[in-house]
Amino acid sequence: MPTSLNDRQQRIKEQLEIHGEIRMNNMKTMFAVTEMTIRRDLEKLEQAGILRRTFGGAILLGKDIALKDRTGLMADEKASIGRTASALIQAGEYIFIDGGTTTIEVVRALKPGFAITVVTNALNVANELQEKRIPTILSGGMILEATSTVIGPFAENMIGSMAYTRVFLGTTGLSAEHGFSNSNMYEAEIKKTAIRQASEVNVLMDHTKFGAKDFISFADLGQVHRVITDKLPAVELCEACAEAGIELVEGV
């Protein structure tokens with residue numbers, strides 16, 4: 001832990017530990033300083049291994065942010081992403097949905113009793129599906145408490161034994177160089193397995209994840225068919241996605 005943080009940088013660190021994520025505009029207002037000053041602070045904290053800068057802010061580095069702590073962040077944006085993703089699903093399809101506060105919005109947008117089969121490794125997703133009377137297969141394995149997901153070789157083997165019409169996955173970062181990434185290596189293996197078994201791969205992400213690189217890359221750009229987001233990324237990343245054949249879709 002660095003010992004040379006100034007008062008403002010220490011307060012930024014404290015905000016990250018409370019919320020898991022901070023926004024540049026909020027920090028400018030809170031400290032009444034310029035964007036360049038905040039950028040220098042974030043750069044120092046990133047070099048110290050405390051955070052990872054994202055498009056328009058930063059997230060806490062070095063641990064999985066608990067699902068309960070992420071619930072409510074970017075709620076409207078995530079709901080629009082979920083609605084747009086759910087509209088792709090047709091009756092009779094076999095779907096895989098992994099854990100997260102964005103992917104669960106796909107389920108929330110589905111009609112009760114919809115005639116599909118969903119496979120998931122996420123406890124919160126399975127609960128929502130059960131309430132909607134949608135046929136659901138929950139993978140076995142070890143529960144990762146922070147994210148309420150099921151991980152490990154049992155989960156990977158079960159998920160890898162099925163074929164999916166479409167998969168819907170979350171991510172904590174997307175960059176042209178590192179592809180789609182995640183902070184947890186076990187969750188990344190689940191995502192890799194689902195991608196191998198899918199006819200169509202959809203990644204759901206809000207715009208703060210663009211340009212970010214997390215610990216484990218689970219897919220190159222060319223392995224994903226569609227990214228559904230609330231706001232398109234910078235021109236350079238848009239061009240890289242287009243070159244890789246990724247369709248970028250804004251939520252409605």
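Residues numbered from 1 in each chain as written. Predicted model: local features only at pLDDT ≥ 70, side-chain atom pairs only at ≥ 80, totals over all residues. Heavy atoms only, no water.

Undergrad: What is the right way to look at the overall build of the protein chain in this model?
TA: Of regular secondary structure, the protein chain possesses ten helices and 15 strands. Against the globule reference of 18 Å for 252 residues, the protein chain gives a C-alpha radius of gyration of 18 Å, in line with a compact fold. Surface summary for the protein chain: the accessible area is close to 11,700 Å², and the carbon and sulfur share equals 52%. Taken together, the 27 basic and 32 acidic charged side chains of the protein chain have centroids lying 3 Å from each other. (Helix = DSSP H or I, 4+ residues; strand = E, 2+ residues; numbered from the N terminus. Rg over C-alpha atoms; globule rule 2.2 N^0.38 Å. Areas by Shrake-Rupley, 256 points an atom, 1.4 Å probe, with all protein chains shown as cover. Lys, Arg positive; Asp, Glu negative; His and termini not counted. Charge placed at Lys NZ, Arg CZ, Asp CG, Glu CD.)

Undergrad: What exactly am I supposed to notice about the pairing of strand E11 (residues 179-182) here?
TA: Relative to E11, strand E10 (residues 173-175) runs antiparallel, the two being bridged by three bridges. The partner of Ser-175 across the bridge, within E11, is Gly-179. In this structure, the hairpin formed by E10 and E11 is closed by a connection of three residues. The sheet contact formed by E11 and strand E13 (residues 216-219) spans three bridges and is antiparallel. Bridge pairing in E13 places Phe-180 opposite Ala-219. (Pairing = 2+ DSSP bridges.)

Undergrad: I'm lost on helix H9 (residues 185-196) in this one. Help?
TA: Because the α-helix completes a turn every 3.6 residues, residues three or four places apart line up on one side. The end-to-end C-alpha distance of H9, which contains twelve residues, comes to 17 Å, matching closely the 16 Å that a straight helix rising 1.5 Å per residue would cover. Where H9 begins, the capping side chain belongs to Asn-184, and its oxygen is found 2.9 Å from the backbone nitrogen of Tyr-186. (Expected span 1.5 Å × (residues − 1). Polar contact = N/O pair within 3.5 Å; in protein donor to acceptor, adjacent residues only side chain to side chain.)

Undergrad: Could you clarify how one ought to interpret the sheet that holds strand E9 (residues 166-170) in this entry?
TA: Within a sheet, adjacent strands bond to each other through the backbone by hydrogen bonds, running parallel or antiparallel. Spatially, the seven strands line up as an open sheet ordered E6-E5-E4-E9-E12-E14-E15, and their pairing is parallel. A strand with exactly one partner marks an edge of an open sheet, and here the two such strands are strand E6 (136-138) and strand E15 (247-250). The average angle at which neighbouring strand axes cross in this sheet is 20°, direction not considered. Bridge count for strand E4 (residues 94-97) against strand E5 (residues 117-120) is four bridges, and the pairing is parallel. Considered in E5, the bridge of Ile-97 is made with Thr-120. The sheet strands contacting helix H5 (residues 75-86) are E9, strand E12 (201-204), strand E14 (226-229) and E15, and the helix crosses E14 at an angle near 140°. Each of E4, E5 and E6 touches helix H7 (residues 123-131); the most contacted strand, E6, lies at about 155° to it. (Axes fitted to C-alpha atoms, helices over the stretch in contact; angles between N-to-C directions. Contact = heavy atoms within 4.5 Å.)

Undergrad: Sorry if this is basic, but what is going on with the side chain of Thr-149 here?
TA: Counting through the fold element by element, Thr-149 comes out in strand E8 (residues 149-151). For Thr-149, a relative accessible area of 2% translates into the label buried. What Thr-149 contacts, discounting residues up to four positions off in sequence, is Gly-99, Asn-121, Ala-122, Met-142, Ile-143, Leu-144 and Glu-187. (Buried < 20%, exposed > 50% of the residue type's maximum accessible area, 1.4 Å probe, protein only.)

Undergrad: Quick question: what am I supposed to make of the sheet that holds E11 here?
TA: Pairing within the open sheet is antiparallel, and its three strands lie in the order E10-E11-E13. The open sheet is flanked by E10 and E13, the only strands paired with a single partner. When the angles between neighbouring strand axes are averaged without regard to direction, this sheet yields 40°. Along the sheet, H9 contacts E11 and E13; its crossing angle with E13, the most-contacted strand, is approximately 15°.

Undergrad: It is not clear to me how the environment of Glu-189 should be interpreted in this structure. Could you clarify?
TA: Examined against the element boundaries, Glu-189 turns out to sit in helix H9. For the pair formed by Glu-189 and Phe-218, sequence separation is 29 residues and the distance between their alpha carbons is 7.1 Å.

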